[in-house]
Amino acid sequence: MKRCIYKWLLLPFSGLYGLLMDLRNWLFNSQLLKSYQPSIYTISIGNLTVGGTGKTPMVEFLIKRSIDQSSYLAGATATLSRGYGRETTGFRLVSDLDTASTVGDEPLQMYRKFGAYIRVSVGERRAPALQSLMHLYPDIKEVLLDDAFQHRAVQPHLSILLMDYNRPFYQDYPFPAGRLRERRHGARRADAIVVTKCPNDLSTVEQQRIEAEIRPYTSAETPVFFAGLHYGQPVSFASKKVVTDDVQQVVLVSGLANPLPLEQYVSDAFTLRQHIRFADHHAYQRTDLDAILAKLPSGAVVLTTEKDWVKLDALLTAEERDTLPLFYLPVAMQFLDRYEAVFSRFVTTARLKNR
């Protein structure tokens, strides 16, 4: 009841914030504020909502899609992220020497998985960062802009907007009464919308209902796709290999904006003894790790996410990494039904139109 009262009291401030964002967007749309469109092909992945909507799994899906193409050349794709939570500033290429504190947890995660095939970079000012990237590597053919939907200083060739199935933007309000970064009609800038974190058995009728709710805020021709999350088998911190027998009773450790889908999956797949939650992008300290290990029940293991792994792993000695029962759970974007093939064709067609 109190939350509802607070929400209604905050709505006037949300209206003011929404109007300020409308003004900002109008200035860009009218070219009174300039947008930079690079010569290199760029795809923006973003959202209207504060917090996790599955941007990193979508970026990784697009990375894998590029790598899987028969004509792909190593280094032809690059990613550019803000590097949220890092202690550095400016443009930076991710390397083997970096940590989450120098480049952010998600860019480091992508580098560890795909660094042999792509270039991973960070830069809070995307236009100068893109120019630096193109100058250093003129052979790059495509740049994936992570969390860039509100970054209007760059005009991407293709803009993909993500919406969490559990937190639809059409039922939300701008900050501070809600979680929106701008008003709902900002979705009209998107070239495609992907509803993420959907149940695998989401019915066609429910998909049609959700699309009908989205439609008032988009162009009529904007396609809407539906996707869920696919969790892989646990991976050992020590061996970096998949394990199946050693992970049964788990203490889940996560620093996510919305940990409920992960918690539900872990509860179904394992015996969940405890879920220790931290804030999104939490900067783990050694005291955090010591507290987790001190409370670990007999016979249980620690299971965490990939982006938490890159931060927790940095706190370990080599001996601890080899001996402690620590595992992370890979996650990937998985389109529902026929949507993956349709989405792939859409991305290909969009690129051909921009040649």
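Owing to the predicted nature of the structure, the values given are computational and were not obtained by experimental measurement.

Chemist: Please explain the overall build of the protein chain as it appears in this structure.
Modeler: For the protein chain, the count of helices and strands is eleven helices and 14 strands. Its C-alpha radius of gyration of 21 Å places the protein chain within 12% of the 20 Å reference for a compact globule of 355 residues. Residue burial in the protein chain is summarised as follows: out of 355 residues, 51% are buried. Surface accessibility of the protein chain: about 17,300 Å² in total, with carbon and sulfur atoms responsible for 53%. Averaging the positions of the 42 positive and the 37 negative side-chain charges in the protein chain gives two centres separated by 7 Å.

Chemist: Hey, could you run me through the UniProt feature "binding site: ATP" (unreviewed entry) in the protein chain in this one?
Modeler: Here, the residues flagged by UniProt with the feature "binding site: ATP" (unreviewed entry) are Thr49, Val50, Gly51, Gly52, Thr53, Gly54, Lys55 and Thr56. Position of Lys55 relative to the elements: it lies in helix α2 (residues 55–68). Owing to a relative accessible area of 13%, Lys55 belongs among the buried residues under this scheme. Relative to the helices and strands, Thr56 is located in helix α2. If sequence neighbours within four positions are ignored, Thr56 has contacts with Glu106 and Gln109.

Chemist: I tried to follow the packing of α2 against helix α4 (residues 105–114) on my own but got confused; where do I start?
Modeler: Relative orientation and spacing of two packed helices are given, respectively, by the angle between their axes and the distance between those axes. Interaxial distance between α2 and α4 falls to 11 Å at its minimum, and their mutual angle equals 25°. Comparing their axes, α4 and α2 come out roughly parallel. For α2 against α4, the interelement crossing comes out right-handed. Within the contact between the two elements, α2 uses Thr56, Val59, Glu60, Ile63, Lys64 and Ile67 and α4 uses Glu106, Gln109, Met110, Lys113 and Phe114.

Chemist: Can you help me understand the pattern of salt bridges in this one?
Modeler: Two side chains with opposite charge may pair up if their charged atoms get near one another. Considering all chains together, one arrives at 21 salt bridges under this definition. A salt bridge links Asp313 to Arg321; the shortest N-O distance between them is 2.7 Å. Salt bridges here are not isolated pairs; linked through shared partners, they connect Glu60, Lys113 and Glu306.

Chemist: It is not clear to me how the sheet that holds strand β8 (residues 224–231) should be interpreted in this structure. Could you clarify?
Modeler: What holds strands together in a sheet is hydrogen bonding between their backbones, with the strands either parallel or antiparallel. Pairing is mixed across the open sheet formed by nine strands, whose spatial order is β3-β4-β2-β5-β1-β6-β7-β8-β14. This sheet does not close on itself; its edge strands, each paired only once, are β3 (92–93) and β14 (331–335). In this sheet, strand β4 (residues 119–122) lies alongside β3 in antiparallel orientation, the contact comprising two bridges. Each residue of the ladder has a partner; that of Leu93, found in β4, is Ser121. Across the sheet, α4 is in contact with β2 (77–81), β4 and β5 (142–146); its angle to β4 comes to roughly 170°.

Chemist: Just checking my understanding: could you explain the side chain of Thr304 for this structure?
Modeler: Locating Thr304 in the fold gives a position in strand β12 (residues 301–305). Among the polar contacts listed, one links the side chain of Thr304 to the backbone oxygen of Val253, at a separation of 2.7 Å. In this structure Thr304 touches Phe237, Val253, Trp309, Leu312, Phe327, Tyr328 and Leu329, once residues within four positions along its chain are discounted.

Chemist: Whenever I open this one, the nonpolar core confuses me. Can you help?
Modeler: The tendency in soluble globular proteins is for nonpolar side chains to be buried as a group. Formed by 72 residues in total, the largest nonpolar core has its most connected members in Met58, Phe335 and Phe343. It is α2 that contributes the most residues to this core, six residues altogether. Shared between two domains, this core takes at least three residues from each, and those domains are domain 1 (42–73 + 141–229 + 335–353) and domain 2 (233–329). Once residues lying within four places of it in the same chain are set aside, the contact partners of Phe343 are Met58, Phe61, Leu62, Ile160, Val194, Phe225 and Phe335.

Chemist: It is not clear to me how the environment of Val253 should be interpreted in this structure. Could you clarify?
Modeler: Locating Val253 in the fold gives a position in strand β10 (residues 249–255). Between the C-alpha atom of Val253 and that of Ser35, which follows or precedes it by 218 residues, the distance is 40 Å. Setting aside its immediate chain neighbours within four residues, Val253 contacts Ile276, Phe278, Tyr284, Ile292, Val302, Leu303, Thr304, Thr305, Asp308 and Leu312.

Chemist: Looking at this structure, how should I read the packing of α2 against helix α11 (residues 339–353)?
Modeler: Direction vectors running N to C along α2 and α11 enclose 75°, while the axes themselves pass 12 Å from each other. The pairing of α2 with α11 is recorded here as roughly perpendicular in orientation. The segment α2 lies against α11, with Met58, Phe61, Leu62 and Arg65 engaging Glu340, Phe343, Ser344, Val347 and Thr348. Its residues assigned to classes, the contact of α2 with α11 comprises five nonpolar, two polar and two charged.

Rules behind the numbers
- Residues numbered from 1 in each chain as written.
- Predicted model: local features only at pLDDT ≥ 70, side-chain atom pairs only at ≥ 80, totals over all residues.
- Heavy atoms only, no water.
- Helix = DSSP H or I, 4+ residues; strand = E, 2+ residues; numbered from the N terminus.
- Rg over C-alpha atoms; globule rule 2.2 N^0.38 Å.
- Buried < 20%, exposed > 50% of the residue type's maximum accessible area, 1.4 Å probe, protein only.
- Areas by Shrake-Rupley, 256 points an atom, 1.4 Å probe, with all protein chains shown as cover.
- Lys, Arg positive; Asp, Glu negative; His and termini not counted.
- Charge placed at Lys NZ, Arg CZ, Asp CG, Glu CD.
- UniProt positions renumbered as here; feature names shortened; annotations may be inferred.
- Contact = heavy atoms within 4.5 Å.
- Axes fitted to C-alpha atoms, helices over the stretch in contact; angles between N-to-C directions.
- Parallel < 35°, antiparallel > 145°, perpendicular 65-115°, else oblique.
- Left-handed = near helix turned anticlockwise from the far one by under 90°.
- Salt bridge = Lys/Arg side-chain N within 4 Å of Asp/Glu carboxyl O.
- Pairing = 2+ DSSP bridges.
- Polar contact = N/O pair within 3.5 Å; in protein donor to acceptor, adjacent residues only side chain to side chain.
- Core = buried A, V, L, I, M, F, W, Y, C linked by side-chain atoms within 4.5 Å.
- Domains from an automatic or database assignment.
- Nonpolar A, V, L, I, M, F, W, Y, C, P; charged D, E, K, R; others polar.

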